[in-house]
There are 2 protein chains.
Amino acid sequence: MKQSMTFIPTLREVPADAEVKSHQLMLRAGFTRQNTSGVYSYLPLAHKVLKKIEQIVREEMNNAGASELLMPALQQAELWQESGRWYSYGPELMRLKDRHNREFALGATHEEMITSLVRDEIKSYKRLPLSLYQIQTKFRDEKRPRFGVLRGREFIMKDAYSFHATHESLDEVYVKMFTAYQNIFSRCGLDFRAVIADSGAMGGTDTHEFMVLSDIGEDTIAYSDTSQYAANIEMAPVNATYEKSTEEQKELVKIETPDQKTIEEISTFLNVSKESCIKSVLFNVDDKFVLVLVRGDHEVNDIKVKNLFGASVVDLATAEETIKALNCVPGFIGPINVSEDVEVVADHAISSVVNGVCGANQAQYHFQGVNIERDAKITRFADLRFIQEGDKSPDGEGTIRFAKGIEVGHVFKLGTRYSESMNATFLDENGRTQPMIMGCYGIGVSRTLAAIIEQHHDENGIVWPGSVAPFQIHVIPVNIKNDSQKDLAEKLYTQFTQNGYEVLFDDRAERVGVKFADSDLIGLPVRVTVGKRADEGIVEVKIRKTGESFEVSVDELHEKMKQILGN
Amino acid sequence: MKQSMTFIPTLREVPADAEVKSHQLMLRAGFTRQNTSGVYSYLPLAHKVLKKIEQIVREEMNNAGASELLMPALQQAELWQESGRWYSYGPELMRLKDRHNREFALGATHEEMITSLVRDEIKSYKRLPLSLYQIQTKFRDEKRPRFGVLRGREFIMKDAYSFHATHESLDEVYVKMFTAYQNIFSRCGLDFRAVIADSGAMGGTDTHEFMVLSDIGEDTIAYSDTSQYAANIEMAPVNATYEKSTEEQKELVKIETPDQKTIEEISTFLNVSKESCIKSVLFNVDDKFVLVLVRGDHEVNDIKVKNLFGASVVDLATAEETIKALNCVPGFIGPINVSEDVEVVADHAISSVVNGVCGANQAQYHFQGVNIERDAKITRFADLRFIQEGDKSPDGEGTIRFAKGIEVGHVFKLGTRYSESMNATFLDENGRTQPMIMGCYGIGVSRTLAAIIEQHHDENGIVWPGSVAPFQIHVIPVNIKNDSQKDLAEKLYTQFTQNGYEVLFDDRAERVGVKFADSDLIGLPVRVTVGKRADEGIVEVKIRKTGESFEVSVDELHEKMKQILGN
């Protein structure tokens, strides 16, 4: 493509409102422009990358046995009312009315649509399993759009859905999808982890998120430093053994601790370790009060609390609720002498605390010499804390480290959440009506584009992996007004194109410094500069990734390109 | 693709609510399903065809020097307010509010968006011309969605926009786009005409519509039976000469014509030819009354009336307005003795009427013996009627015929309609600020899919042209439970695929009659049936288009495929 004829509006300055590298570079290298908050145009270079990512996704999805289709963005409210999500989804779901005042959602996701489509056509186990996917624009009115296309309100997603007669069949397809996702993100040149994730409100079972490792990630991944184990920090079980001190048990003593509310404060005030403090956190679990105890150096993981009770809703108790339940203001609450109405559960680590400290359920007082099994009534000991760096990996191999990740994909066993509410049933081998068992599998295509840039750039611009580069070769004549440079550059542009490479030809009448700076920003794998030695048939080749450059004669150039670009 | 693994829900019956063939066949052959009025899902087969059409469009647009990008569907109201279309577009433009109560349009078209994008980046004539396009989902809340995806509310469109410093540059790109469109529709296997169209309210100049000839088309095309001339019937000038009778002029006589209101009635009542009747039609032209006269066998073309007066709005006068203007009820109005407030204009043909008949501006009365130049005050004679079949072609070559057409494309010189209202300017060679000159170029991609089916089907189903067929070869084992048939069919499926063909393999355990019926419905170019002679290595090849079938040995099969499919 001739650069003079296309639209690559590069910028010299870093845009003030772009916080992260990918956003800055997509603006500076002329890949995107924002139209309004969280809504972007993909200019020609970004469009080419999107198409490459889409093609990789398509190949791997087809390979996993899924068929591509295209569902509409306009979704009648009735569908979402059937599943109940019309009411539960909240303001993220964009809604509108047509000229007849009928209500529609703009597709934020397509579980309802695909379930309706499949239930109308598939009636027998003989037609299952079935995997369908689309690559389509989605709309989600994010509360806080940010980081450019990483968290936008209109974005491109690949969403796949599978339908099954048996859980075994779902398991098989889940594995295929998992493998396809590994292939996709590897082919995109990404350093990622498949992490065990929370099935959340979706009511499913197995679920993995595919996380691209990046400091700007909004999620924390707990991973093993030696094995493949990785989980969303919320999901990682703690598999620790705690050594109980052999110290003799002391007497329980109530002491005055004026204004000493946090673990930090109380451990300093009493000159004891955080490990010997007992942190008491009161929750409202499906309208019952539960006091959760963790060691002072640990944090309560509310997902684990939720799972322990199989609860729908787990909220921190408010100050009023705390007073009502424990007759004490927050900051001084504890597990000793609580009413029967409050259940007390403790993290395993608590059992190792000897002569600990905890709130006395009386303002300005704590207990010392706490030995929990002697002094309090604990209904259950369980794994209730967040995993921490340095903990043993849950799979027994290695030590846990933390990393930040950008979620680019998600595979999820939905089960019968939608088929039951929407009556998507089939007749099984015995002629019995059963709800279809479903899986869903998403990839943020436009987010993947940004995630690639987060991992592939240097101080001068983007450094594209070959598989997703908008073009492979950048041909730049130093001086387009010099006939031999211009002619040779044009000839190479034509030849490279004929040889099957994708080539960007900078035919603009710009100073060479501008062209090189733009070229570094855009970040194609190979630059071929046609300069003073054009008459001799000598050009310069520069590898964007390594910065390595060398002169090559035109005769050897095509062989050289084969070596570098591998085709 | 294995048929058992994909989603092709064929129907035996013609769906009751599908009026046209393409709609019926897209439902019956499992290509689409309606989600709600005018909103469709494209199932895997349709999706494959869409991708092929898109690829043809892409290649030809790139070839015409345009660059692909992707703009958002969510468009902030402010943009449309700048152009004024927020107010003028009407209910076809779907609107919604985000969580902050900000208003958005769902992109029905992207003139505003692209103009805003380009004006922010391009400031100099040196960066022009620029052609950009996208293939994207559009939303238009049609008053009357119908004919399946031919007139939907959510559809896929290719929209291109060009920006120029000079009209000559626009003319050049217009020709390139025109040629690209001819290539695109030819490659899609369509019988079409590029017709001169009305520039309408868009304020542009040159405009052509690309019409696929079809009886279900909503537009009438007037075309020459010998030349390339074709125009929307509204746009075709009449280039006729009328012979004036040599009959002697008679006296003007008022006669009673009780209840004789139409030309049909009055010509029968008086036993005169329609040609000798003068049809008088009263219009409200920008709030002035204009009486338009055409011959009784002709029809007034209100676009020509509008153009004659350079008017914004031309409406038929209401009964009340008629009484006000002419002091007479409709049915008996005429050009004689009208007040100064009503301008009378006449089609050229009127000047040839000798001793004609017209309304007397008095209920139940007409004049006979009308000789218009003697009896009425005509301010202008002009071309004011619709062209008719049998008229001379406006280009002087051949005779006009009519055909119905489905509009699949539109090329349009926008001029400065948007650049002026939205302040998209550039500095010209002399440093003067000028509005950019624009062109726009649309193709209904999903509509093209349906138009192809309208032209390519028979009583058994669709008959795909090779260029856009979802697959090229349909491999069908007569009995999948017979091992030699199954094995040979699978082997051929694999080999064809390896040879670069796209193959649909009917591996379902269905009766062969069902498979053949489905195969005819789906309409792939070549069917290879593996039946009883599988053991001998003999299969049957059937050409969908001609119905021709013959047996071929497997050894010769690949050579045969090359001959048939040409690759």
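Residues numbered from 1 in each chain as written. Chains lettered and ligands numbered in written order. Predicted model: local features only at pLDDT ≥ 70, side-chain atom pairs only at ≥ 80, totals over all residues. Heavy atoms only, no water.

(A) Layout of empty space enclosed by the protein. Following the criterion strictly, the structure yields four cavities of 30 Å³ or more and no others. What lines the largest cavity is a set of 37 residues, and nearest its centre among them are A:Ile135, A:Gln136, A:Thr137, B:Ile135 and B:Thr137. Tallied by class, residues from the lining of the largest cavity come to 22 nonpolar, six polar and nine charged. In this structure, the second largest cavity encloses a volume near 60 Å³. Of all elements in the fold, only helix H14 (512-522) and strand S29 (526-530) of chain B reach the threshold of two or more residues within the lining of the second largest cavity. In terms of residue class, the lining of the second largest cavity is built from two nonpolar, three polar and four charged. (1 Å grid on protein atoms, 1.4 Å probe; cavity = no way out; pocket = protein on both sides within 12 Å on 5 of 7 lines; lining within 4 Å. Points joined across faces, edges and corners; volume = space filled by probe spheres on them. Nonpolar A, V, L, I, M, F, W, Y, C, P; charged D, E, K, R; others polar. Helix = DSSP H or I, 4+ residues; strand = E, 2+ residues; numbered from the N terminus.)

(B) Examining the sheet that holds strand S13 (residues 253-256) of chain A more closely. Residue and element names in this part refer to chain A. The antiparallel open sheet is built from three strands, whose spatial order is S13-S19-S18. Looking at which strands have only one partner, the edges of the open sheet turn out to be S13 and strand S18 (356-359). Between one strand axis and the next, the sheet turns by 30° as a mean value, whatever way the strands run. Across three bridges, the pairing between S18 and strand S19 (residues 365-370) is antiparallel. Paired with Cys358 across the two strands is Phe367, which belongs to S19. (Pairing = 2+ DSSP bridges. Axes fitted to C-alpha atoms, helices over the stretch in contact; angles between N-to-C directions.)

(C) How the structure looks around the layout of surface pockets. In this structure, the largest pocket occupies an estimated 1600 Å³ of space. As for the largest pocket, its lining consists of 46 residues, of which A:Tyr89, A:Glu92, A:Arg140, A:Glu407 and A:His410 are closest to the centre. Contributing elements (two or more residues each) for the lining of the largest pocket: helix H4 (85-88), strand S8 (154-164), strand S21 (400-415), helix H11 (417-421), strand S24 (437-444) and helix H12 (445-455) of chain A. Residue composition of the lining of the largest pocket, grouped by class: 18 nonpolar, 13 polar and 15 charged. If you trace the second largest pocket, you find 47 residues lining it, with B:Arg140, B:Glu209, B:Glu407, B:His410 and B:Arg447 closest to the centre. Those elements that provide at least two residues to the lining of the second largest pocket are helix H4 (85-88), strand S8 (154-164), strand S11 (219-224), strand S21 (400-415), helix H11 (417-421), strand S24 (437-444) and helix H12 (445-455) of chain B. With seven residues, the single largest contributor to the lining of the second largest pocket is S21(B). Tallied by class, residues from the lining of the second largest pocket come to 18 nonpolar, 14 polar and 15 charged.

(D) The relation of the copies chain A and chain B, seen in detail. Least-squares fitting of chain A to chain B yields an RMSD of 0.3 Å, with the transformation described by 0.1 Å of translation along the axis and a rotation of 180°. In symmetry terms, the pair is related by a two-fold rotation axis. Minimal C-alpha distance to the rotation axis in chain A is attained by A:Leu96, lying at 2.5 Å. Of the residues that chain A buries at the interface, 100% are likewise interface residues in chain B, meaning the two copies contact each other through the same surface. (Least-squares fit on C-alpha atoms with pLDDT ≥ 70 in both. Contact = heavy atoms within 4.5 Å.)

(E) Molecular detail of the packing of helix H13 (residues 483-498) of chain B against helix H15 (residues 554-565) of chain B. Residue and element names in this part refer to chain B. For the pair H13 and H15, interaxial distance at closest approach is 12 Å and the crossing angle is 35°. By crossing handedness, the relation of H13 to H15 is classed as right-handed. Counted together, Leu488, Leu492, Gln495 and Phe496 of H13 and Val554, Leu557, His558 and Met561 of H15 form the full contact between these two elements. (Left-handed = near helix turned anticlockwise from the far one by under 90°.)

(F) Main features of the packing of aromatic side chains. Overall, the coordinates contain 20 aromatic pairs over all chains when judged by the stated rule. On the numbers, 5.6 Å between centres and 75° between planes, the contact of B:Trp80 with B:Tyr89 is edge-to-face. Summarising the burial analysis for this pair, B:Trp80 and B:Tyr89 share the class buried. By way of ring pairs, the aromatic residues A:Phe178, A:Tyr181, A:Phe185, A:Phe192 and A:Phe210 are connected into one cluster. For A:Arg95, the ring lying beneath its charged end belongs to A:Trp86, and the centroid distance is 4.6 Å. Note that B:Arg146 overlies the ring of B:Phe147, its terminal NZ or CZ placed 4.2 Å from the centroid. (Phe/Tyr/Trp six-rings, centres within 6.5 Å; stacked < 30°, edge-to-face > 60°. Buried < 20%, exposed > 50% of the residue type's maximum accessible area, 1.4 Å probe, protein only. Lys NZ or Arg CZ within 6 Å of the ring centre and 35° of its normal.)

(G) Quick look at the pairing of strand S10 (residues 207-213) of chain B. Most of S10(B) sits out of view: seven of its seven residues are buried. Side chains B:Thr207, B:Glu209, B:Met211 and B:Leu213 project from S10(B) onto one buried face, and the interleaved B:His208, B:Phe210 and B:Val212 project onto a second face that is buried too.

(H) Spotlight on helix H14 (residues 512-522) of chain A. Residues and elements named next belong to chain A. Turning to H14, its buried residues are Val514, Lys515, Asp518, Ser519, Asp520, Leu521 and Ile522. The secondary structure elements touched by the buried residues of H14 are helix H1 (21-28), helix H2 (44-63), strand S26 (461-462), strand S27 (473-477), strand S28 (503-505) and strand S29 (526-530). Remark: Gly523 follows H14 within two positions and exhibits a positive phi of approximately 75°.

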